[in-house]
Number of protein chains: 2
Amino acid sequence: MKTIVRIFKALSDQNRIRILKMLQSRPLCVCEITSILGLATSTVSKHLSILKTSGLISDRKDAKWVNYEIDLNSGDPEVDRVLRLMRGMLEKDEVIRTDRKKVTTVDRNRICSTESS
Amino acid sequence: MKTIVRIFKALSDQNRIRILKMLQSRPLCVCEITSILGLATSTVSKHLSILKTSGLISDRKDAKWVNYEIDLNSGDPEVDRVLRLMRGMLEKDEVIRTDRKKVTTVDRNRICSTESS
DNA sequence: TTTATATTTCGTTTAATAACGAAATGAGGA
DNA sequence: TCCTCATTTCGTTATTAAACGAAATATAAA
């Protein structure tokens, strides 16, 4: 039960839903997500840790970046069910659509470092 | 998007999940739910209003009671999807199982009024 | 119309959450 | 080793949420 509540809590925030929907396109690093959401890095990092604790996503080191990705084969059938649900949701939402476009054009080598947006 | 966030917020509380799972058995009035959860009436009423605002449940007056029930054919496909998801979830959870048992034996004519549990 | 009772609303308190900037961590490259 | 830079953690602040009891509503019965 605690697991399920944790999953729904993870999804009960607009920014975390946006992150999850972005990750459906491809794995992203913290700074890419930060530049799309327009939040502080520390805030995004916190959102990602909440999603990770819920089991919906996982992280993987890649050179100096940490890539976050949707955790398929998490082993938890409840997580899989929710991830399938999220696949079909919000596909026509305007916020999600523009986030998706940004995901295709964002370049971590430009975006990150000292520069902004 | 706001609708979806509202739905997940509604489900991000253990007591509200318990209520929703109870309502899968049959419609219940506020005092029946109150006696099973062991919370104050006003608290349960608030939980029910949150679930209702999310579109997951609806209420119907019946004599001096207000029956709450799962809102099938809500018209909203996202609500239907989530309700279907919840159907298959937590079926083996201990808390949910004991709640279900209590639902079958609870009698609003005895439970309500001045008496407790 | 009065009384009883089921439910909602109000006001308050306490706990949880989201946001930020600054400082700490940790891994790669010079 | 030392520096750089992406990320996390820490400390703080402001907002939201959950709980309660008391008071207000509303409906049935007397």
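Keep in mind that what you see is a predicted model, and the values were worked out from it rather than measured. (Residues numbered from 1 in each chain as written. Chains lettered and ligands numbered in written order. Predicted model: local features only at pLDDT ≥ 70, side-chain atom pairs only at ≥ 80, totals over all residues. Heavy atoms only, no water.)

J.: Looking at this structure, I do not really get the sheet that holds strand β2 (residues 57-62) of chain B. What am I missing?
T.: Residues and elements named next belong to chain B. Reading across from one edge, β1-β3-β2 is the order of the three strands in this open sheet, with antiparallel pairing throughout. With partners counted over all chains shown, the strands left at the sheet margins are β1 (28-29) and β2, one partner each. Bridge count for β2 against strand β3 (residues 65-70) is six bridges, and the pairing is antiparallel. Within β3, the residue paired with Ile-57 across the bridge is Ile-70. Packing against the sheet, helix α2 (residues 14-23) makes contact with β1, β2 and β3, and its axis sits at approximately 90° to β3. (Pairing = 2+ DSSP bridges. Helix = DSSP H or I, 4+ residues; strand = E, 2+ residues; numbered from the N terminus. Contact = heavy atoms within 4.5 Å. Axes fitted to C-alpha atoms, helices over the stretch in contact; angles between N-to-C directions.)

J.: What exactly am I supposed to notice about the protein's contact with DNA strand D here?
T.: Looking at DNA strand D, there are 24 residues lining it, with Cys31(A), Ser45(A), Tyr68(A), Thr43(B) and His47(B) nearest. Protein-adjacent atoms of DNA strand D, using a 4 Å cutoff, are sugar or phosphate at a proportion of 80%. Between Val66(A) and DNA strand D, the recorded distance is 3.2 Å, taken from a backbone N or O atom to a phosphate oxygen. Taken together, the residues that form the surface near DNA strand D break down as eleven nonpolar, eight polar and five charged. (Near = heavy atom within 4 Å. Polar contact = N/O pair within 3.5 Å; in protein donor to acceptor, adjacent residues only side chain to side chain. Nonpolar A, V, L, I, M, F, W, Y, C, P; charged D, E, K, R; others polar.)

J.: Got a minute to help me understand the pairing of β3(B) in this structure?
T.: Regular strands show a simple pattern: their side chains alternate between the two faces of the sheet. Residues and elements named next belong to chain B. Across the six residues that make up β3, a large majority, five, are buried. Taken together, the two bridges between β1 and β3 define a ladder with antiparallel strand orientation. Among the inter-strand pairings, Leu-28 is bridged to a residue of β3, identified as Tyr-68. Between the end of β2 and the start of β3, which pair antiparallel, lie two residues, with Ala-63 showing a positive phi angle near 55°. (Buried < 20%, exposed > 50% of the residue type's maximum accessible area, 1.4 Å probe, protein only.)

J.: Sorry, what's going on with the interface of chain A and chain B here?
T.: For an interface, size is often stated in terms of accessible area lost upon the parts coming together. Taken together, the contact pairs 20 residues of chain A with 21 residues of chain B. Of the roughly 2000 Å² buried between chain A and chain B, counting both surfaces, carbon and sulfur atoms make up 76%. Considering only the surface of chain A that becomes buried against chain B, Met1(A), Phe8(A) and Met89(A) emerge as the three largest contributors, covering 34% of it. Inspection of the chain A/chain B interface yields zero salt bridges. At the junction of chain A and chain B, the tally comes to six residue pairs in polar contact (both at pLDDT 80 or more). Breaking the side of chain A that touches chain B down by element, the ones donating at least two residues are α1 (2-11), α2 (14-23) and α5 (77-88) of chain A. Among the elements that line the side of chain A that touches chain B, the one with the most residues is α5(A), at six residues. Its residues assigned to classes, the side of chain A that touches chain B shows twelve nonpolar, three polar and five charged. (Buried area = accessible area lost by both parts, 1.4 Å probe. Salt bridge = Lys/Arg side-chain N within 4 Å of Asp/Glu carboxyl O.)

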